[in-house]
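Examination of the molecular architecture
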Amino acid sequence: MADAVERKPPSGELVLSLRKVCKVFGAVSALTDVDLDVHAGEVVALVGDNGAGKSTLVKVLAGVHAPTSGTMTFRGKPVTLAGPNDALALGIATVFQDLALCENLDVVANIFLGEELNPYALDEVAMEIRSWKLLNELSARIPSVREPIASLSGGQRQTVAIARSLLLDPKLIMLDEPTAALGVAQTAEVLNLIERVRDKGLGVIMISHNMEDVRAVADRIAVLRLGRNNGIFYPDSSNQELVSAITGASDNAVSRRHERRQTPHGTEAEMRP
Ligand SMILES: Nc1ncnc2c1ncn2[C@@H]1O[C@H](COP(=O)(O)OP(=O)(O)O)[C@@H](O)[C@H]1O
Ligand SMILES: [Mg+2]
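Residues numbered from 1 in each chain as written. Chains lettered and ligands numbered in written order. Predicted model: local features only at pLDDT ≥ 70, side-chain atom pairs only at ≥ 80, totals over all residues.

Considerations on the site of ligand 1
- Close to ligand 1 lie Phe25, Val28, Ala30, Gly48, Asn50, Gly51, Ala52, Gly53, Lys54, Ser55 and Thr56, which account for all nearby residues.
- If you list the elements that add at least two residues to the shell around ligand 1, you get strand S2 (28-39) and helix H1 (54-61).
- For the shell around ligand 1, the element with the highest residue contribution is H1, accounting for three residues.
- Across the shell around ligand 1, the residue classes tally to four nonpolar, six polar and one charged. (Near = placed C-beta within 6 Å. Helix = DSSP H or I, 4+ residues; strand = E, 2+ residues; numbered from the N terminus. Nonpolar A, V, L, I, M, F, W, Y, C, P; charged D, E, K, R; others polar.)

Quick look at the structure:
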């Protein structure tokens, strides 16, 4: 049992602490009494089925939605976010799923989008140097910072979006499905990147549907179900435990299929329905 394993408590500072956060949209309760802690140097994966409230929680933390009730503590201080700029100013950065990059602009312009140095006489040299520095810190493989985004691969785009989010030196970074659109090699690159961000001492919240990716980088796995907390798990939790927490049932199509494939008797072909 996963619970029997002794867990080393996270050693980093408690960066974020949510207590009893609720978010109601009209008649829909998207979040109910959600608690979440994230420490410096920790990757917390946020998982849950469609409609579980993951994106809503990210938007609350990004200052896009005001919570209906509940408290948020950031680096030891109670905070309320009036808008996305408040979140950024506090040190909460978000890489949204659509990345929001400008295809026709180059890497430097995208990293500095909206934060241009001396906007009336752009300091291109300083921006280019800072871009390289950010990408180097991530050991990111980008051929040239003067390439337009349109010519980059999915993994490279994710890299640029992550580098951009680090520009204002955040303490917490949230990534919404960072590997969803990527192939195997690019996924591995982005997971490496996430580890480097963690190793810089940031708290990381990663939303993902992919349990393999979650297990590969998460220190803890927080499950949301129907807008509520439904358990904290660890990378060594079984698939069945995780799937049960996510779906709310121990007997379901995913776990039955998993068991069937693990049965030592018979061949794969015989076991297929
Ligand atoms: N802006 C909104 N207005 C009304 N309902 C919303 C809004 N955003 C999300 N919801 C509802 O809140 C619930 C949680 O959605 P969401 O946070 O997008 O889940 P997830 O990202 O886990 O798939 C869903 O029932 C969704 O329909
Ligand atoms: Mg979502």
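Now that the structure is up, let's keep going.
With respect to the sheet that holds strand S4 (residues 69-74)
- With antiparallel pairing, the four strands of this open sheet are ordered in space as S2-S1-S4-S5. Looking along the sheet, the strands with just one partner apiece sit at the ends: S2 and strand S5 (77-78).
- Here strand S1 (residues 14-25) runs beside S2; their pairing, made up of eight bridges, is antiparallel. In the strand pairing of S2, valine 21 is matched with valine 34.
- Sheet strands touched by H1: S1 and S2. Its angle to S2, the strand with the most contacts, is close to 65°. (Pairing = 2+ DSSP bridges. Contact = placed C-beta atoms within 7 Å. Axes fitted to C-alpha atoms, helices over the stretch in contact; angles between N-to-C directions.)

Let's talk about helix H6 (residues 184-199)
- Spanning 16 residues, H6 covers 23 Å between terminal C-alpha atoms, matching the ideal 22 Å at 1.5 Å per step.
- For H6, every residue scored as buried is listed here: Thr187, Glu189, Val190, Leu191, Leu193, Ile194, Val197 and Arg198.
- Residues of H6 that are buried make contact with strand S3 (43-47), helix H5 (154-165), strand S7 (172-176), strand S8 (203-207) and helix H7 (211-217). (Expected span 1.5 Å × (residues − 1). Buried ≥ 20, exposed ≤ 12 C-beta atoms within 10 Å, placed from the backbone.)

All quantities given are derived from atomic positions and should not be read as evidence of function.
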